[in-house]
Amino acid sequence: MTITFITGANKGLGRETARRLIEHGHTVLIGARDREQGEEAAATLGARYVPIDVTDDASVAAAAANVAAHEGRIDVLINNAGVLGPAGDPSDLTAADAHAVLDVNVIGVVRVTTAFLPLLRRSDDPVIVNVSSGMGSLAFTHDPARPESHVVAPLYTASKAALTMMTTQYAKGLKGIRVNAADPGYTATDLNAHRGSQTVTEGTDAIVALATEAPGAGTGRFLSRDGEIAWS
């Protein structure tokens, strides 16, 4: 049985990923900061809720200890938790704004990955999927034909560019673990006030594909529902 831990899994892309992976036969652990929403999602989907706040070292350590005590390992880690931060005119951005976004979207991934690596290393086929975004792609955000080019979200885009690059570095440095990034595309979620053109199911296609690949699949890739993409 494949055991999968997903951060930010109480709603949106995380919840839909959990639902689909349960259909694939995975044992899914719903990681979420909000206990009420996390417990509801787990009860509805047939998963187990694990409290986690990716911005808090103690919370992340406690979550890893929880999983170690109950499941003993994980096979797939999906770093999905993310925040948008301020959008539009960047004139009034503050260091606190930047810290708040990076603490979830980049530093949070480091916290969770480091804490869960011992559990992943107990797997026969360990996988990490980082939920990034085409919003971090220079090519996408400069192409007038793409929706990414019409959004101004300085901190979110910078954080996702950093996360994609960090994914490639983890892929090079973590031997025996597949580490890839997924671009959900412009998906209707709370993050964009449900303005996205894709359904949440379509938005999870790349995440689910990377989480269910056969052993020996590639590492250090950036995947959308349409296939592998260059992030530059």
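Since we're looking at a predicted model, the values are computed, not measured.

Basis of the calculations
Residues numbered from 1 in each chain as written. Predicted model: local features only at pLDDT ≥ 70, side-chain atom pairs only at ≥ 80, totals over all residues. Heavy atoms only, no water. Buried < 20%, exposed > 50% of the residue type's maximum accessible area, 1.4 Å probe, protein only. Helix = DSSP H or I, 4+ residues; strand = E, 2+ residues; numbered from the N terminus. Arc of directions from axis to C-beta. Contact = heavy atoms within 4.5 Å. Expected span 1.5 Å × (residues − 1). Salt bridge = Lys/Arg side-chain N within 4 Å of Asp/Glu carboxyl O. Core = buried A, V, L, I, M, F, W, Y, C linked by side-chain atoms within 4.5 Å. Pairing = 2+ DSSP bridges. Right-handed = clockwise from strand over helix to strand, strands pointing away.

Participant: Account for helix α2 (residues 35-45), naming residues and giving values.
Facilitator: Within the span of α2, buried status applies to Gly 38, Ala 41, Ala 42 and Leu 45. The buried residues of α2 occupy an angular sector of 95° when projected down its axis, which confines them to one face. Of the exposed residues in α2, those oriented more than 90 degrees away from the buried face are Glu 36, Ala 43 and Thr 44. Looking at the buried positions of α2, the neighbouring elements they touch are α1 (12-23), β2 (27-32) and β3 (48-51).

Participant: Talk me through α1; I want residue IDs and the actual numbers.
Facilitator: In this model, α1 (12 residues) spans 17 Å end to end at C-alpha, consistent with the 16 Å of a helix rising 1.5 Å per residue. Those residues of α1 that sit buried are Leu 13, Gly 14, Glu 16, Thr 17, Ala 18, Arg 20 and Leu 21. At its buried positions, α1 is contacted by β1 (3-6), β2, α2, β4 (76-79), α7 (200-203) and α8 (205-211). A positive backbone phi angle near 95° is found at Gly 25, which sits one or two residues after α1.

Participant: Please provide a residue-by-residue account of the pattern of salt bridges, values included.
Facilitator: If you walk through the whole model with that rule in mind, you get 15 salt bridges. Residue Arg 19 pairs with Glu 16 through a salt bridge whose shortest N-O separation is 2.6 Å. One end of the pair, Arg 19, and the other, Glu 16, are both in helix α1, 3 residues apart, so they sit about a helical turn from each other. You can call Arg 19 partly exposed: its relative accessible area is 29%. Here Glu 16 falls in the buried class, since its relative accessible area comes to 9%.

Participant: Tell me what's going on with the nonpolar core, and back it up with residues and numbers.
Facilitator: Ranked by size, the top nonpolar core spans 29 residues in total, and within it Phe 5, Val 67, Ile 74, Leu 77 and Phe 116 carry the most contacts. Contributing elements (two or more residues each) for this core: β1, α3 (57-70), α4 (95-120) and α6 (154-173). For this core, the element with the most residues is α4, which contributes 8 residues. Apart from residues no more than four positions distant in its own chain, Leu 77 is found in contact with Phe 5, Val 112, Thr 113, Phe 116, Leu 120, Val 127, Ile 128 and Val 129. Membership of the second largest hydrophobic core comes to 22 residues, among which are Ala 9, Tyr 49, Ala 206 and Val 208.

Participant: Please give an account of the pairing of strand β5 (residues 127-131) that cites residues and values.
Facilitator: Both faces of the sheet carry side chains from a regular strand, because those side chains alternate between them. With 5 of 5 residues buried, β5 is to be regarded as a mostly interior element. Residues of β5 alternate between two faces, with Val 127, Val 129 and Val 131 on one and Ile 128 and Asn 130 on the opposite face, all of them buried. Two elements, β4 and β5, share 4 bridges in a ladder whose sense is parallel. Residue pairing across strands places Val 76 opposite Val 127, the latter belonging to β5. As a crossover connection, the stretch from β4 through α4 into β5 is right-handed. Across 5 bridges, the pairing between β5 and strand β6 (residues 178-182) is parallel. Within β6, the position partnered with Asn 130 by the bridge is Ala 181.

Any functional reading would require information beyond the geometric quantities listed.
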